[in-house]
Structures are given as C-alpha cells and as structure tokens.
Amino acid sequence: MKRAWNFNPGPAALPLEVLERARETLVDYDGKGMSLLEMSHRSEEVERLVGQTEETLLRLIGLNSADYRVLLMAGGASAQFALVPLHFLGPGKVGRYVLSGSFSEKAYREAQTVGEAAVAATGKASGWSRLPDVSGIDLEPDTAYLHMTTNNTIEGSQFRQLPDTGGVPLIGDMTSDLLGRSLDWSRFSLFYAAAQKNLGPAGVTALVIRNDLLQSGNERIPAIFRYKTFAEHGSLYNTPPVHAIYVMKLMLDWTEAQGGVAEMERRGEEKAAILYRAIDDSDGFYRGIVEPPFRSTMNVTWRLADEALERKFADEAERGGLAGLAGHRSVGGLRASIYNAVPVEACRELAAWMNDFRRKFG
Ligand SMILES: *Cc1c(COP(=O)(O)O)cnc(C)c1O
C-alpha cells in the first residue's frame, strides 16, 4: 500500500510504526490469548495501561504528579466545553473567555448555557486573522477562570504569549497543539486535548488538572461528569475507550522515542517554515489567512484567487496523493494540518506540489 501524505485536520495522521504496532498486538495482547478489545476494563492489564498512559503524558510535559493529575475522559474536547463551566461556575462567578476562533466561541457559548460567561479579549473583528493581545489582560475579581484556545485549528493561528492571570485559574483547550511545542504548562490550572489531532485516535480526551482546582470543583453535578470521580477511580470509573487509550499510549511512546516535545517543536517549526515559504514566495498566488506573527505551526491556512481554484487545488492534490487539504467547511480556503505524526518530507512534497500548481495556473 502506498500511504497518502495525510494533512487531515483530525482525526489525523498517525505514524506508520504506531499503526503497525497496534495491528501486531490487536489479536493477542501481551501474550494473554485475547485482544485488548475483548478484555475487562477491570483487568490488571487495562489498569496498568491507563496508569502508564497518564504517567507518560505527564512526563512528556514535565509536570509533577504531586501538583497535577491526568484524567482520561470520553466525549471529545466539546464535552470539556460544557464540563469546565459545570465545575467552576456558580452564583456570583463569571467564566471569562479569550475568543480567537470558532472553537473558542463554541466553548464560550456552551458556558453561557451553564452560567455567566463573558468575553475577556477577542480577535473576531479581524476575521480571526489576528490574535487578541492577552499580555495585559485585566480580570475582574468575580472571574472564576480564564479560558483560552492555545492553537486555533480552523483558522490557523497560535498563541505565543500567555496571559498573566494573577490568582485566577487559567484553562486551556490545547487539542491541536499539546505536545507540538513546549509551553509553560505550569501557568495553567487545567488544560485538555481530544486525542485525534496530536495525541492519537478519536475517542479519548486527556485532561490535566492541578490538584487544588480538582478539589474546588462543584460537587452538585452527576458523578459521571465529575473530574473528581475520574481522579478517584484512576480514569476507570466506568468503561473507558480502552483501545483508543492503547493507541494513544503507543503515540506517546513514539513521541518520547523521537525526542519528546523539544524535537516535535523543532520539526514543527521546520515543517511550518517550508509551507509558509511556499505561500509567501508565490507572488500573491497563495495568500496566507493569518498575519505572520500569529501563524500556527500546526495548521497552515491559505487562500487562492477564488473558490473554484481552491476546489481544483484540493481535488487535484488528493488525486496526487496529498490528502485532507480543503479548509474547514465553515471558512473555506485551504489548510494543511501538520501535526506531530506528519513528517517533514510530507511538507516538502506539498510545497513542491504547490509550486507546480502555481506554475500551471498562476
Ligand atoms: C478538534 C478540536 C475541538 C473539537 O474536538 P471534539 O473532540 O470533536 O469535540 C475543540 N477544540 C479544538 C482546539 C480542536 O482542534
């Protein structure tokens, strides 16, 4: 089989080594005479798998298990849009949101269904081509938390700066850049990432939470939705998505073996530079959507002169073995998602292809 160069936004590319390892172990897990798919989630094997997955993630980001807990949950990042306010909003408390793209807006709207939420900063007036300045953000004393999306998957922008929130918990949706670059994670009291972008397959969401915030969460929500329930049961309160967790563990091991976050960041910058160069050196044939200081190293977005040409680009690229380049249906344009599992070579192939396409149609 010839593998496509896969630029899908999520679910997204996984390293071939990870897929092959998952295949090898699918039928007989750990010499147990059965598949992990057939095993009780109360077995020693699954307990060990879940514990090791949580430990590996914490080790990769260098946070201390005395201060932070990792929880593995279902429901995707979208479930966290609701669970965060359910835990931390209450009478007289306001959840404040940095708006930087559609996912951050979705998180904000979900909070409004739960309690009081307000906008702390927004980049909407620029059509999401710029990020709001969060450096001098001023938070009223009734602020329960500040929520931000560190990388805007659909628009293709990424925060380089983190706000100083004083004593207010900072909460991050890091679905599309966790482990893609180093960040001062200790500035956050809670962050989460659905696995299907940078961490593995769909079905599991990793959530990292400081112990003090974990203890302060609202208890009057159903046990199945409570972070504390997952912490007390080692993420095994009910049946977890066992196989998704397994593939995530393989992906985390792969990340570590490649050199960890520092190496992923180095490659990410190299990959992004290749594609932004193809855009910037095209004499305006390709036009970047996001202004250069705010550009993402994970999702590269650009436009062509018109939608017909964009469609032609995506279709012909697909036929040429470069998959997943159409922009999100809500914004159009083109997008290359270059998560950790996408090799530098894929970006070189795409850049060469972009140059050819420009010579033909420019
Ligand atoms: C993909 C994505 C989501 C949505 O994730 P689901 O798992 O589909 O709910 C939310 N936030 C960001 C930043 C994303 O990239």
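Everything quoted here is computed from the prediction, not taken from an experiment.

Chemist: Sorry, what's going on with the overall build of the protein chain here?
Modeler: Of regular secondary structure, the protein chain possesses 10 helices and 14 strands. In summary, the protein chain has a C-alpha radius of gyration of 21 Å against a globular reference of 21 Å for 362 residues, a match within 12%. Its C-alpha atoms give the protein chain principal-axis dimensions of about 60 × 60 × 30 Å. Within the span of the protein chain, comprising 362 residues, buried residues form 56% of the whole. Intrachain contacts of the protein chain at a sequence separation of at least 6 include 67% that bridge at least 24 residues. Put simply, the protein chain shows about 15500 Å² of open surface, and 49% of that area lies on carbon and sulfur atoms.

Chemist: Is there a simple way to explain the nonpolar core in this structure?
Modeler: If you look at soluble globular proteins, the nonpolar side chains tend to sit buried side by side. Phe7, Leu178, Trp302, Phe313 and Leu350 are the most contacted members of the largest nonpolar core, which has 90 residues in total. A domain split of this core shows at least three residues from each of domain 1 (16-258) and domain 2 (260-361). Counting residues in each nonpolar core, the second largest holds 28 residues, with Met73, Val84, Ala107 and Ala194 among its members.

Chemist: I'm lost on the side chain of Glu310 in this one. Help?
Modeler: Relative to the helices and strands, Glu310 resides in helix H9 (residues 307-319). Note on Glu310: relative accessible area 6%, which makes it buried. In this structure the side chain of Glu310 is engaged in a polar contact, spanning 3.5 Å, whose partner is the backbone nitrogen of Gly333. Every residue in contact with Glu310, bar those within four places of it in the chain, is listed here: Arg303, Leu304, Gly333 and Leu334.

Chemist: For this particular structure, what's the right way to read the site of the ligand?
Modeler: Around the ligand sit 14 residues, and of these Ser78, Thr153, Asp173, Gln196 and Lys197 come closest. At 2.6 Å from an oxygen atom of the ligand is found a side-chain nitrogen or oxygen belonging to Ser78. Asp173 is positioned with one of its side-chain polar atoms (N or O) 2.6 Å from a nitrogen atom of the ligand. Alone, the ligand offers 390 Å² of accessible surface; in the complex the protein occludes 86% of this. The dominant element in the shell around the ligand, judged by the number of residues it contributes, is helix H3 (residues 76-88), at 4 residues. A per-class count over the shell around the ligand returns 4 nonpolar, 8 polar and 2 charged.

Chemist: Which parts of the structure should I look at to understand the pairing of strand S3 (residues 94-99)?
Modeler: Residues in a regular strand project their side chains so that they alternate between the two faces of the sheet. The buried fraction of S3 is high, at 6 of 6 residues. Burial along S3 is two-sided: Val94, Arg96 and Val98 and Gly95, Tyr97 and Leu99, pointing in opposite directions, are all buried. Pairing analysis gives 6 bridges linking S3 to strand S4 (residues 116-122), with the strands arranged parallel. Bridging from a neighbouring strand, Tyr97 pairs with Val119 of S4. One ladder, built from 4 bridges, connects S3 with strand S5 (residues 143-149); its direction is parallel.

Chemist: I would appreciate a short explanation of the UniProt feature "binding site: L-glutamate" (unreviewed entry) in the protein chain in the present structure.
Modeler: UniProt records the feature "binding site: L-glutamate" (unreviewed entry) at Arg42, using the numbering of this structure. If you trace the backbone, Arg42 turns up in the loop between helix H1 (16-24) and helix H2 (44-61). Non-local contacts of Arg42, meaning those with residues more than four positions away in its chain, are made with Leu236, Tyr237 and Asn238.

Chemist: Help me out: how do you make sense of the packing of aromatic side chains in this one?
Modeler: Pairs of aromatic rings are described using the distance from one ring centre to the other and the angle between the two planes. Counting across every chain of the model gives 15 aromatic pairs. Geometrically, the ring pair formed by Phe285 and Phe357 is tilted, given 6.2 Å between the ring centres and 50° between the ring planes. Remark: Phe357 occurs in helix H10 (residues 344-361) and Phe285 occurs in the loop between helix H8 (260-280) and strand S11 (287-288); sequence separation between them is 72 residues. On the accessibility criterion, Phe357 (2% relative accessible area) is buried. Ring centres of Phe357 and Phe361 lie 4.7 Å apart, and the angle between their planes is 45°; on these two criteria the pair is classed as tilted. Of the two residues, Phe357 and Phe361 are both situated in helix H10; the distance of 4 residues between them amounts to about one turn of the helix. Classification of Phe361 by relative accessible area gives partly exposed; the value is 32%. An aromatic cluster is present here, built from Phe285, Tyr286, Trp302, Phe313, Trp353, Phe357 and Phe361 joined pairwise through their rings.

What counts and what doesn't
- Residues numbered from 1 in each chain as written.
- Predicted model: local features only at pLDDT ≥ 70, side-chain atom pairs only at ≥ 80, totals over all residues.
- Heavy atoms only, no water.
- Helix = DSSP H or I, 4+ residues; strand = E, 2+ residues; numbered from the N terminus.
- Rg over C-alpha atoms; globule rule 2.2 N^0.38 Å.
- Buried < 20%, exposed > 50% of the residue type's maximum accessible area, 1.4 Å probe, protein only.
- Contact = heavy atoms within 4.5 Å.
- Areas by Shrake-Rupley, 256 points an atom, 1.4 Å probe, with all protein chains shown as cover.
- Core = buried A, V, L, I, M, F, W, Y, C linked by side-chain atoms within 4.5 Å.
- Domains from an automatic or database assignment.
- Polar contact = N/O pair within 3.5 Å; in protein donor to acceptor, adjacent residues only side chain to side chain.
- Near = heavy atom within 4 Å.
- Nonpolar A, V, L, I, M, F, W, Y, C, P; charged D, E, K, R; others polar.
- Pairing = 2+ DSSP bridges.
- UniProt positions renumbered as here; feature names shortened; annotations may be inferred.
- Phe/Tyr/Trp six-rings, centres within 6.5 Å; stacked < 30°, edge-to-face > 60°.

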